[in-house]
Amino acid sequence: MRVIAGELRGRRLAEPNTMDIRPTTDRAKEGLFNTINYYIEDADFLDLFSGACGIAIEAASRGARRVVAVDNSKESMRVFKLNDAKMDTGIEYYNSDVIRFLERDTNTYDYIFLDPPYDMEVENLEQILNLCIERLNPGADLILEFPSYSKFNFEKLEIKKQKKYGKSSFFFFEEK
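Sequence order as written defines the numbering, with residues in each chain counted from 1. Local features in this predicted model are restricted to residues of pLDDT 70 or higher, and side-chain atom pairs are both shown and tallied only at a pLDDT of 80 or more, whereas totals for entire chains, interfaces and linings draw on every residue. Just so you know, side-chain values use all the structure's heavy atoms and leave hydrogens and water out.

## Observations concerning the side chain of Asp 141
Each helix is a run of H or I in the DSSP string that is no shorter than four residues. Each strand is a run of E no shorter than two, and both are numbered from the N terminus. If you trace the backbone, Asp 141 turns up in strand E5 (residues 136-147). Note on contacts: a residue pair qualifies if any of its non-hydrogen atoms lie within 4.5 Å across the two residues. Residues contacting Asp 141, with those up to four places away along its chain left out, are Ile 36, Asp 110, Tyr 111, Ile 112, Leu 136, Lys 160 and Phe 172.

Following this line, the structure appears as structure tokens:
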């Protein structure tokens with residue numbers, strides 16, 4: 001894993017020592033940021049289920065004003081600390097359950113990115129996405145990385161765009 005572009009371009013990222021954390025591939029990360037790159041500078045970016053923080057670090061490298069990463073894994077925290085010590089990203093990292101974080105956080109964001117476990121129940125995912133709606137600035141993007149074959153029928157959200165990268169896709173949601 002590496003930082004694709006921006007101030008930290010080319011820097012190698014520490015990787016987790018477990019298969020429980022599934023980092024976003026460099027190819028997919030590049031595709032995501034090619035889609036949102038022109039709007040990331042000075043944006044507030046929230047990375048949920050941040051894992052190894054590759055997405056959060058990429059957002060910070062590309063000039064996001066504020067980057068917040070949330071994950072409840074101790075291994076994720078360890079990897080983030082290693083990367084942050086090498087790069088001094090300025091990312092706010094919370095070792096917390098995502099639902100608890102969203103219920104307590106009062107900030108709003110221009111981008112909310114979620115990369116939950118692929119075996120997460122759709123009902124739990126919908127609950128988290130509904131909490132995210134309350135944290136979006138007007139015109140903000142809510143982006144979910146999930147298996148490409150996934151079908152969603154959420155009460156408050158609809159897919160406005162899907163970008164496929166192998167077995168994974170980025171689903172861009174908007175409020176109905």
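## Things to note about the confidence of the model for the chain
Confidence of the predictor in every single residue is expressed as pLDDT, which spans 0 to 100. Per-chain confidence: the chain averages 90 in pLDDT, with 97% of residues scoring 70 or above. Least confident of the elements in the chain is helix H1 (residues 26-40), whose mean pLDDT is 85; most confident is strand E1 (residues 44-48), at 97.

## A short note on unusual backbone geometry
Within the chain, Asp 42 stands out as a residue other than glycine whose phi angle is a positive 65°. Residue position: Asp 42 is located in the loop between H1 and E1.

## Here we look at the pairing of strand E4 (residues 109-114)
Of all 6 residues making up E4, 5 are buried, and the element is well covered by its neighbours. Between any two strands, pairing holds if DSSP finds at least two bridges. Relative to E4, E1 runs parallel, the two sharing 4 bridges. From the neighbouring strand, Phe 45 faces E4, where its bridge partner is Tyr 111. Inspection of the sheet shows E4 paired to E5 by 5 bridges, in the parallel sense. Residue pairing for E5: Leu 114 is matched across the bridge by Leu 144. Here a crossover is taken to be right-handed if, once the strands point away from the viewer, the path from the first strand over the helix to the second is traced clockwise. A crossover links E4 with its parallel partner E5, the connecting element being helix H5 (residues 122-133), and its sense is right-handed. Accessibility here uses a 1.4 Å probe with only protein chains present; expressed as a share of the type maximum, an area under 20% marks a residue as buried, one over 50% as exposed, and anything in between as partly exposed.

## Digging into the environment of Leu 131
Along the chain, the position of Leu 131 falls in helix H5. Classification of Leu 131 as buried rests on a relative accessible area of 15%. With 118 residues separating them along the chain, Leu 131 and Leu 13 place their C-alpha atoms 30 Å apart. When sequence neighbours within four positions are dropped, the list of residues in contact with Leu 131 reads Ile 99, Leu 102 and Glu 103.

## Here's the deal with the sheet that holds E5
In spatial order, the strands read E3-E2-E1-E4-E5-E7-E6; together these 7 strands make up an open sheet with mixed pairing. Two strands close off the open sheet at either side, each with one partner strand: strand E3 (92-95) and strand E6 (157-165). Geometrically, the sheet is characterised by an average inter-axis angle of 20° between neighbouring strands, direction not taken into account. Here E5 pairs with strand E7 (residues 168-175) via 6 bridges, running antiparallel. Note on E7: the bridge partner recorded for Pro 147 is Ser 168. Angular values range over 0 to 180 degrees, each being the angle between N-to-C directions of two axes fitted as lines to C-alpha atoms, with helices fitted over their stretch in contact. The strands touched by helix H3 (residues 74-87) are strand E2 (66-71) and E3; relative to E3, the strand with the most contacts, the crossing angle is about 160°.

## As for the environment of Thr 108
Among the secondary structure elements, Thr 108 is positioned in the loop between helix H4 (98-104) and E4. For the pair formed by Thr 108 and Arg 135, sequence separation is 27 residues and the distance between their alpha carbons is 4.4 Å. With near-sequence residues (within four places) excluded, Thr 108 lies in contact with Asp 44, Glu 134, Arg 135, Leu 136 and Asn 137. Two N or O atoms count as a polar contact when they lie within 3.5 Å, although within protein this holds only if one can serve as hydrogen donor and the other as acceptor, and sequence-adjacent residues are included solely when both atoms are side-chain atoms. Within the structure, the side chain of Thr 108 is placed 2.5 Å from the side chain of Asn 137, a separation counted as a polar contact.

## Notes on the packing of aromatic side chains
Planes of paired rings set the category: under 30 degrees apart is stacked, over 60 is edge-to-face and the rest tilted, where pairs are Phe, Tyr or Trp rings (Trp by its six-membered ring) whose centres lie within 6.5 Å. The final tally for this structure, using the stated rule, is 12 aromatic pairs. Among the aromatic residues, those joined into a cluster by ring pairs are Tyr 118, Phe 146, Phe 152, Phe 154, Phe 171 and Phe 173.

## Overview of the pattern of salt bridges
Salt bridges are defined by distance alone: a side-chain nitrogen of Lys or Arg within 4 Å of a carboxyl oxygen of Asp or Glu. Within the structure shown, the criterion is met by 6 salt bridges. The shortest N-O distance in the salt bridge between Arg 62 and Glu 58 comes to 2.8 Å. Note on accessibility: Arg 62 and Glu 58 belong to one class, buried. The salt bridge involving Arg 66 is made with Glu 92; its shortest N-O contact spans 2.8 Å. Here the residue Arg 66 occupies a position in strand E2, and Glu 92 occupies one in strand E3, the gap between them amounting to 26 residues. Residue classification places Glu 92 among the partly exposed residues on the basis of a relative accessible area of 26%.

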